[in-house]
Each structure stands twice: as structure tokens, then as C-alpha cells.
Amino acid sequence: MLRGLQNSHDSKKKKTTEATLDRLSARRKTPAGVYIALVAAYLITNIVVMLASRSKAQVPFLGGTIPITAFAGVFSAISEICVIFMTFYFGKKGYFTALTLLIIQFPAVMTTTFIQHNRTSLPGIFVNVVSIVAITIIYINNKKMEEYQKKLSYQAVTDILTGLPNRFACGELLRSLVEKGDKFVGVSIDINSFKGINETMGFETGNAVLREIASRWKTIADTGLSGTKDFITRISGDEFFLVIRGYSSDEDILRTIKQYDSVLHNRLTIDDCDLYITASFGYAEFPADAKTKDSIISYADTAMHEVKRSSSSNHILRFTPDMLKTERTLEIEGKIREALENETIFFYLQPQFNMEHKLRGFEALARMKNADGGFISPGEFIPVAEKVGLVDKVDGMVFRKAAMFFGELLRKTGTDIILSVNVSVRHLLKNDFLDEIGNVLRESGVPADKLEIEITESIMIDSVDKALQCIDELKAMGVKIAIDDFGTGYSSLSYLNKFPANLLKIDKSFIDKMNEDDSSKQYVSAIISIGHIMDFDVISEGVEEPEQVETLKEIGCDFIQGFIWGRPLPQEEAEKLVTEEVGK
Ligand code: C2E
Ligand code: MG
Ligand code: MG
């Protein structure tokens, strides 16, 4: 049925895929204004030639005089150039205009020469005949070149295997649609298990499958069967990209995609074998989901990969921003695994000071690098590590490396500072957590009372009892406990009361607001007071401004950690800081 439809709609076909391809492969046209200017220039120069050749006047030139007739030749040359340009730049239209302009001069010249017996116009006839020959040669050559060029341009936008528009054509169409600003949908399509067909039945069969699918889809696009204006392209291998325009609702979009999906369900027989083909469709709409050509392609791809990943029965999905998260999560997970394997997760040390600017110690902060050498923020990779169950390994690597460095630093400098490490709840709740801490302390030679473990308050909500038991044992070993990011999670006084911590870390968000209004300042002041009542020391995180230091001194804060006095430092710089401090 589809083949029948294809034939009966041959004429319409030219209006769809091919018409769009023609437009995409068309050469840039010389503006019509140039054509009009050339015709006008030709007519004017001819009038000037006529007037100049009849004039007996003399004009001053380079100190002497010359007859005006001498300029007739110059203007005549300009007029010949005009007809040549017309033919060269305006193809058929230019050639026939030039030809007409040259031919209509013949009767006038004939009359002057043979009836009025004025033979001065005879060379003009000769020039005209030569011009006609020249423009005819130019026209014929140009035409051949144009045909060749057209063929080349057409090939540049066509996929050889399927005859569909190719990746370049798709990109060009998307670019022009984005420029225009009208809404459209980009659908990324991937044939499921196509690799299997190629591997089990050979490339020839694989190619035949692609050709057949392409032909079915092209029929829909060319006949307008879907009710929308579609443009189907083959990007590479088994990847296709469909552009849908002329829809008025989300239902229209889905109906069109389902139409492309449904023709795959018709039996596909190749080399006497029945094949059952399915595909995954992911789409994004311009400008609602994506605002650039590249993001349309990439978001539609993301949605298509989500179909493959989720292996749900729904094989048509629209892009949503959460899908990016999933993709990014997968990417980061891969990087974490690689970094753990290669032991490339490392640490920076951020100094903590008392209010007299004396060094209290360092917080070890995990660092991980991208392939390009840039950092991936722990704010991004720690939550992923937590989600995929790798955070204990990350914590562990940071702890071990930082403790080895710190033990060495203590021995070298004899300093009396502490090392603070972040531990996530998953890590804390592991059965061998305490053994791990004990082992690292032994190996690194860091005394237990020089180690502080930072735990975020929110983690206590999940498994309070087990966590508290673990914390008690850490305390029994002599290890210090800090409550990190205080104020951002579950802050209950009764729970604080049970928490055997040594240090309360006020979250940066409170410090940021502290000097904005009096109530925020009172709030920080209240946290400090409560901390002191509970017998905790209090440190403020993220201190950046001198005014914040002043306020914190005024309201009785004990320590400061922030960019104002120290950013996270690489080992060597941290060591330099300690050496300077010891030498004071
Ligand atoms: P955190 O434990 O609250 O660490 C403090 C964060 O605040 C660090 O960010 C630090 O660079 C940043 N910071 C300190 N002072 C300032 C300041 O004055 N201004 C600003 N804008 N930022 C400041 P970082 O290193 O990006 O770490 C982010 C979070 O990642 C940490 O917050 C911690 O929750 C987590 N993290 C880092 N390393 C580890 C680790 O080894 N294990 C675990 N479980 N979590 C870690
Ligand atoms: Mg911390
Ligand atoms: Mg914090």
C-alpha cells in the first residue's frame, strides 16, 4: 500500500523532502538589484556612446584637449562588460536579456549604415557580433558548471545508502529553522538491536533493512500521511533524525511519531527472512525544551538514550531536564570508578583558625580531576558517590591519603593541630568503619585526638541509634566529632543533646546572611550560645568578609574557616603554612 501511495504522490513529493533539499543545497543567488543595475548601466553607457560619437566638442585632458568621441570606446567597453556580467551571474535570464539588448541594436545600426550611408557605426556591429559569440560561450559553459555543481551539492546533502537527506542536511535544516524561530520538534531515532542484525545476517542484509526502513519513512514524510510537515534524515549507522513542523498540539507530535513507529511493525522480509524491527524515539521541542540547534539534537538523543536505558515498554519519550541529571550521573559515576581504581582521588586542605588567627587545623576536602585537567566539584561528585554506593570508598581514600600526609607533617614540624575529615552516613554505618579508622591512625601515626570526624546532622535522622553507638566508640578512641553544616538539616535540640560532639560547624548560608539584618545576626548568635551551653566549640564556615569576622568575634564564635583567611590548599602549600606558623 505504501508503495502505491508513494507513486501516486510523486508530484507532491517534490514539494517535501526534495524541495527542502533543493533549498538546502541551492547556491547563494546574486541579488536581483544587481541585475537591474547591470541593465541600467548597459542602457546608459550605450546612450553615452551614441551622444559622444556624434559630438564635435573637445574636453580638457592632462593639460591639453581631446575630442569627446575618444571616450566613446571606453563607454562601449563598459557596456560589453555589463552584458558579460549579466550572462555570468544571472544564467538563462541574464543571457537572454544580454542577447536581446545586443540584437535590438542591429536595425538601428543597419539603418544608419545602409540607408543613411553613415559607415561609422559598422565597427559597432562587429563588436556586437563578437559579444554575442562571447556571451553564448560563457552561457553554455556556465550551464554545464551549474549542472555539475547542482549534482555535487545534491550529493553533499544526500545519504548514499538510503537516498534520505544526510546529517549535513539535517544540521542545515535545523539551523535555518532555529534562525526563523518557528516551533518544531526534533526526534532522535535509533533502531533497536541493529548490531545483532549486522552480526548475524551480514552487512548486506543490514543495509537492505536500513534501505527498507528509510523508504517507508520517506513515504510518510513525502506524502504528508502523518498530517504534519516532516523531514526524515539518516544521521549515521542505524540513527535517524526526524524534524516535525506544522503541528498544533502535543497529541499531534505523538501521533506523527507513532505513525513512523507503526510502519516498522509491518513485516519486513529480506532474503526470505522475516525481520521484526523496533526503534527507540526521543524528542525535544524548539524552543520549549531546547533553544539551539545543538541542544535540540543532544536533548532528543538524551531522551532516546533514556528509552534504551529505562527498558520500559514506552519507547517514545519527550526530553525532560531530569534526564540530563541521569546522563551526568552516569558520566560522573564512571569517572569516580576510574579515579578510585587509579587512586587519583586526592585532597585539598582548608585551614581553620581561632579568632586570633592562630591555626587550629585543616579540613581535608576531596578533589577529583576531569580528563581535561579541570576539577569536578565535590558538591557534584559526592552526592553521586552517595547515590551509587561509592562514597565510603571516596571518603576512605581521602582519609587515608590525608592522614598519611598529616602524620608526616606532625612528625616533621611538631605542630599541635588537628585534621578534620568528612564522613558520610553510609560510611559511618559500615561494620568495619571503626577498624578502618583504627588501621589508618596506626599506619599514619596520627594520634586519635588529632583526628576530627565531620558528620552532617541530617544523617542522624536515618539510623540514629547505630550512628550514635558508632560515635560513642569513636569518642572512646579519643577521636573528635564535628557536626557539619549545622542548621541546614534536622535541627532538634533534644537530638543535639544526645549527640556527643565536640564542634558545631555553622553552615555558610547563615554566615552569608548574618550582616544583612539584625535577626540573622541574632540567629547565629543563638546557635553559638546553644553550642556553648551544650559544651561544643563553634566554628563558622564560609567566612569571606572582614565585617563577618568582626561580628563573629563580637558574638563569641570560637573558630573560623573561610576564604578570608584560607582557601583549600594543595599539600605543599598547607605544609608551607604550618612551617610558617610553627616558626612564628
Ligand atoms: P563541607 O564539608 O561543608 O566543606 C566546606 C565547603 O565549603 C568546601 O567546599 C569549601 O571549599 C567551601 N568553603 C569554605 N570556605 C568557603 C568560603 O569562604 N566561601 C565559599 N564560597 N566556599 C567556602 P568543597 O570542597 O566544594 O566541598 C563541598 C562539600 O563536599 C563539603 O562541604 C562536604 O560536604 C563534601 N565533601 C568534600 N570532601 C568530602 C569527602 O572526602 N567525603 C565526603 N563524604 N564529603 C566530602
Ligand atoms: Mg565538612
Ligand atoms: Mg560544611
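Student: Just checking my understanding: could you explain the confidence of the model for the protein for this structure?
Tutor: For any part of a model where pLDDT is low, the fine detail of the predicted coordinates should not be relied upon. Of the residues in the protein, 93% reach a pLDDT of 70 or more, and the chain-wide mean stands at 88. A low-confidence stretch, residues 1-13 (pLDDT under 50), is modelled with 17 contacts involving residues beyond four sequence positions or located in other chains.

Student: Is there a simple way to think about the coordination of the magnesium ion (ligand 3) in this case?
Tutor: For a metal with four donors in a tetrahedral arrangement, the ideal angle between donors is 109.5 degrees, while six donors in an octahedron ideally sit at 90 or 180 degrees. Taken together, Asp484 (OD), Asp485 (OD), Glu541 (OE) and Glu541 (OE) make up the protein donors of the magnesium ion (ligand 3), found 2.0 to 2.5 Å from the metal. Read in sequence order, the donor residues for the magnesium ion (ligand 3) give the motif D-D-x55-E. A distance of 4.1 Å spans the gap from the magnesium ion (ligand 3) to the magnesium ion (ligand 2), which Asp484 bridges by coordinating each metal. Of this pair, Asp485 sits in strand E15 (residues 480-486) while Glu541 sits in strand E17 (residues 537-541), and the two are 56 residues apart along the sequence.

Student: Would you mind showing me how to read a nonpolar patch on the surface here?
Tutor: There is a patch of nonpolar side chains on the surface, built from Ile81, Ile84, Phe85, Phe88 and Tyr89 and spanning about 460 Å² of accessible area. For Ile81, the position within the fold is in helix H5 (residues 72-103).

Student: Would you explain the site of ligand 1 in this entry?
Tutor: Lining the immediate surroundings of ligand 1 are 22 residues, of which Ala366, Asp395, Asp484, Glu544 and Phe563 lie closest. Asp484 places a polar side-chain atom, nitrogen or oxygen, 2.8 Å from an oxygen atom of ligand 1. Against a free-state accessible area of 790 Å², the protein chains account for coverage of 81% of ligand 1. Sorting the residues of the shell around ligand 1 by element identifies strand E11 (359-369), helix H14 (378-387), helix H15 (391-413) and E15 as the ones contributing at least two each. Ranked by residues supplied to the shell around ligand 1, first place goes to E11 with four residues. Of the residues assigned to the shell around ligand 1, the class counts are eight nonpolar, five polar and nine charged.

Student: Would you take a moment to explain the domain arrangement of the protein for this structure?
Tutor: Where the parts come together, the accessible area they lose is often given as the size of the interface. According to the domain assignment, the protein consists of domain 1 (2-7 + 159-319), domain 2 (31-156) and domain 3 (345-365 + 389-582). The distance between the C-alpha centroids of domain 2 and domain 3 comes to 89 Å.

Student: Can you walk me through the packing of aromatic side chains in this structure?
Tutor: Considering all chains together, one arrives at 16 aromatic pairs under this definition. Centroid distance Phe85 to Tyr89: 5.9 Å. Interplanar angle 80°. Geometry classified as edge-to-face. You can see Phe85 and its partner Tyr89 sitting in helix H5, four residues apart, about one turn around the helix. When its relative accessible area of 40% is taken as the criterion, Phe85 is described as partly exposed. We classify Tyr89 as partly exposed; its relative accessible area is 44%. Summarising the aromatic geometry, the rings of Phe347 and Phe405 are spaced 6.0 Å apart at their centres and angled 50° between planes, so their arrangement reads as tilted. With Phe347 in strand E10 (residues 346-354) and Phe405 in helix H15, this pair connects stretches of sequence that are 58 residues apart.

Student: Honestly, the coordination of the magnesium ion (ligand 2) in this entry has me stumped. Any pointers?
Tutor: Around the magnesium ion (ligand 2), the protein contributes the donor atoms Glu363 (OE), Asn422 (OD1), Glu454 (OE) and Asp484 (OD), which lie 2.0 to 2.3 Å from the metal centre. Positions of the donor residues of the magnesium ion (ligand 2), expressed as sequence spacing, correspond to E-x58-N-x31-E-x29-D. Residue classification places Asn422 among the partly exposed positions, given a relative accessible area of 25%.

Student: What exactly am I supposed to notice about the packing of H5 against helix H6 (residues 105-115) here?
Tutor: In a pair of packed helices, the angle between the axes and the distance between the axes together describe the arrangement. Running from N to C, H5 and H6 cross one another at 15°; their axes reach a closest spacing of 5 Å. Classified by the angle between their axes, H5 and H6 sit roughly parallel to one another. Across the interface between the two elements, Leu101, Leu102 and Ile103 from H5 touch Gln105, Phe106 and Pro107 from H6. Classifying every residue of the contact of H5 with H6 by side-chain character gives five nonpolar, one polar and no charged.

Student: Before we go on, may I ask you to explain the pattern of salt bridges in this structure?
Tutor: When charged atoms on two side chains of opposite charge get close, those side chains can pair. Under the counting rule described, the total for this entry stands at 29 salt bridges. Put simply, Lys335 and Glu331 hold a salt bridge, and the shortest N to O gap is 3.7 Å. Of this pair, Lys335 and Glu331 both sit in helix H13 (residues 321-341), four residues apart, which is roughly one turn of the helix. On the accessibility criterion, Lys335 (22% relative accessible area) is partly exposed. For Glu331, a relative accessible area of 39% gives the class partly exposed. The partner of Glu544 in a salt bridge is Lys508, with the nearest N and O atoms 3.8 Å apart. With Glu544 in the loop between E17 and helix H22 (546-554) and Lys508 in helix H20 (residues 508-514), this pair connects stretches of sequence that are 36 residues apart.

Cut-offs applied
- Residues numbered from 1 in each chain as written.
- Chains lettered and ligands numbered in written order.
- Predicted model: local features only at pLDDT ≥ 70, side-chain atom pairs only at ≥ 80, totals over all residues.
- Heavy atoms only, no water.
- pLDDT = per-residue confidence, 0-100.
- Contact = heavy atoms within 4.5 Å.
- Donors = N, O, S within 2.8 Å, 3.2 Å for Na, K, Ca; no water.
- Helix = DSSP H or I, 4+ residues; strand = E, 2+ residues; numbered from the N terminus.
- Patch = residues over 30% accessible without salt bridge, like charges linked within 9 Å, V, L, I, M, F, W, Y side chains within 5 Å.
- Areas by Shrake-Rupley, 256 points an atom, 1.4 Å probe, with all protein chains shown as cover.
- Salt bridge = Lys/Arg side-chain N within 4 Å of Asp/Glu carboxyl O.
- Near = heavy atom within 4 Å.
- Polar contact = N/O pair within 3.5 Å; in protein donor to acceptor, adjacent residues only side chain to side chain.
- Nonpolar A, V, L, I, M, F, W, Y, C, P; charged D, E, K, R; others polar.
- Domains from an automatic or database assignment.
- Phe/Tyr/Trp six-rings, centres within 6.5 Å; stacked < 30°, edge-to-face > 60°.
- Buried < 20%, exposed > 50% of the residue type's maximum accessible area, 1.4 Å probe, protein only.
- Axes fitted to C-alpha atoms, helices over the stretch in contact; angles between N-to-C directions.
- Parallel < 35°, antiparallel > 145°, perpendicular 65-115°, else oblique.

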